[in-house]
Amino acid sequence: MKTVNEVSKLTGVSVRTLHHYDAIGLLKPTQVTDAGYRLYDDMALARLQNILLFRELKFPLKEIAQILDRPDFDWREALAQQIALLTLEHKRLGKLIRFAREIQEKGVTKMEFDVFDRSEIETYKEEIVKRWGDTKEYKEFAEKEKAGFDGTQNAKELMALFAELGKRKNLPPSDPSVQEKIGALQQFITEHYYTCSKEILSGLGQMYTQDERFRHNIDLAGGEGCAKFAEEAIALYCAGK
């Protein structure tokens, strides 16, 4: 665990900014001590890395929060998109540097503005927002956010469901009590995020083991192997067995 001051020194993000991220729900501390000190674990720092990458790419804070708070957020896919955008930005900056040096060496010989063009970058950014935002489920989630979505509380309750599921790891995934918990999980996602069809739930089940962060959090809540157990139970539930 790192204090807010340690995180600030490590990342270069001001304490004031970290407090602001906390206030708007973008980056909540992992723990707040009785004395009021904010503490951040490695998962929180990983989220901060994503936030900073998106900020480097000029994404608004609200869009960053909407992307990162999606239950099906895939950090690998997002990282690949960030790398592609940063590469485009690097290419554009290279052109600008060459253009500026040419002016420095030769003076202004012609009025040229295409080096300032950001249309390719903006188009790609729109594709990223569309990937994470232009779906029926995302729009439903956005409406719930407007109505008072509490990401921190919902995340705690979601992990509590996995904790209950973890207590049943000694049972077969097909056990009725296990399947009942999967049904409760599906209902919770529907009520607090978006309509969770069996198709969507099936995809989430796979992601719970494939995505290292999801697996870590779920195993933390329900014990080692809980994510794998959840995936197997979800697969049976979605197959109607």
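For the structure itself, look to the data block above.
Just so we're clear, the structure is a prediction, and the values are computed from it rather than from any experiment.

Draft legend 1. Region of the structure containing the nonpolar core. In terms of nonpolar packing, the biggest core is built from 25 residues, with Phe162, Leu185, Ile189, Leu201 and Tyr208 touching the most fellow members. For this core, the secondary structure elements donating two or more residues are helix H8 (151-166), helix H9 (176-192), helix H10 (198-210), helix H11 (212-222) and helix H12 (226-239). Considering every element that reaches this core, the biggest residue donor is H12, with eight residues. Once residues within four sequence positions are removed from consideration, leucine 185 is found in contact with Leu158, Leu161, Phe162, Leu201, Tyr208 and Ile234.

Draft legend 2. Examining the side chain of threonine 209 more closely. Summarising the element assignment, threonine 209 is placed in helix H10. In terms of polar contacts, threonine 209 uses its side chain to reach the side chain of glutamate 231, at 3.1 Å. Excluding residues that lie within four positions of it along the chain, threonine 209 makes contacts with Arg215, Ala227, Lys228 and Glu231.

Draft legend 3. Region of interest: H12. A rise of 1.5 Å per residue sets the reference length of H12, with its 14 residues, at 20 Å; its end C-alpha atoms lie 20 Å apart and thus fit the reference within 8%. Every buried residue of H12 is listed here: Cys226, Ala227, Phe229, Ala230, Glu231, Ala233, Ile234, Tyr237 and Cys238. Glycine 240 sits one or two residues past H12 and shows a positive phi near 80 degrees.

Draft legend 4. Spotlight on H9. In this model, H9 (17 residues) spans 24 Å end to end at C-alpha, consistent with the 24 Å of a helix rising 1.5 Å per residue. Listing the buried residues of H9 in full gives Val178, Gln179, Ile182, Leu185, Gln186, Phe188 and Ile189.

Draft legend 5. Representation of the pattern of salt bridges in the model. The full count for this structure, using the stated rule, is five salt bridges. Residue aspartate 22 pairs with arginine 38 through a salt bridge whose shortest N-O separation is 2.8 Å. Of this pair, aspartate 22 sits in helix H2 (residues 15-23) while arginine 38 sits in strand S3 (residues 38-40), and the two are 16 residues apart along the sequence. Residue classification places aspartate 22 among the buried residues on the basis of a relative accessible area of 9%. Given a relative accessible area of 23%, arginine 38 falls into the partly exposed group. In this structure, the salt-bridge partner of glutamate 231 is lysine 228, at a minimum N-O distance of 3.3 Å.

Draft legend 6. Examining the packing of H10 against H11 more closely. One can describe the packing of H10 onto H11 by two numbers: an axis separation of 5 Å at closest approach and a directional angle of 85 degrees. Considered as vectors, H10 and H11 are oriented roughly perpendicular to each other. On H11, the residues touching Met207, Tyr208, Thr209 and Gln210 of H10 are Glu212, Phe214, Arg215 and Ile218. Partitioned by chemical class, the residues of the contact of H10 with H11 number four nonpolar, two polar and two charged.

Draft legend 7. Focus on the side chain of glutamine 179. Among the structural elements, glutamine 179 can be located in helix H9. Note on glutamine 179: relative accessible area 11%, which makes it buried. Polar contacts involving the side chain of glutamine 179 include one to the main-chain carbonyl oxygen of proline 173, which spans 2.8 Å. Among the polar contacts made by the side chain of glutamine 179, one reaches the main-chain carbonyl oxygen of alanine 233 at a distance of 3.1 Å.

Draft legend 8. Broad picture of the packing of aromatic side chains. Applying the stated criterion across every chain, the model contains two aromatic pairs. Here the aromatic rings of phenylalanine 54 and phenylalanine 59 are separated by 5.1 Å at their centres, their planes lie at 70 degrees, and the arrangement is edge-to-face. Since its relative accessible area comes to 0%, phenylalanine 59 is described here as buried. Between phenylalanine 162 and tyrosine 208 the ring centres are 5.3 Å apart and the planes differ by 85 degrees, which places this aromatic pair in the edge-to-face class. Within this pair, whereas phenylalanine 162 is found in helix H8, its partner tyrosine 208 is found in helix H10, the two being separated by 46 residues in sequence. Accessibility classification places phenylalanine 162 together with tyrosine 208 in one group, the buried group.

Criteria and cut-off values
Residues numbered from 1 in each chain as written. Predicted model: local features only at pLDDT ≥ 70, side-chain atom pairs only at ≥ 80, totals over all residues. Heavy atoms only, no water. Core = buried A, V, L, I, M, F, W, Y, C linked by side-chain atoms within 4.5 Å. Buried < 20%, exposed > 50% of the residue type's maximum accessible area, 1.4 Å probe, protein only. Helix = DSSP H or I, 4+ residues; strand = E, 2+ residues; numbered from the N terminus. Contact = heavy atoms within 4.5 Å. Polar contact = N/O pair within 3.5 Å; in protein donor to acceptor, adjacent residues only side chain to side chain. Expected span 1.5 Å × (residues − 1). Salt bridge = Lys/Arg side-chain N within 4 Å of Asp/Glu carboxyl O. Axes fitted to C-alpha atoms, helices over the stretch in contact; angles between N-to-C directions. Parallel < 35°, antiparallel > 145°, perpendicular 65-115°, else oblique. Nonpolar A, V, L, I, M, F, W, Y, C, P; charged D, E, K, R; others polar. Phe/Tyr/Trp six-rings, centres within 6.5 Å; stacked < 30°, edge-to-face > 60°.

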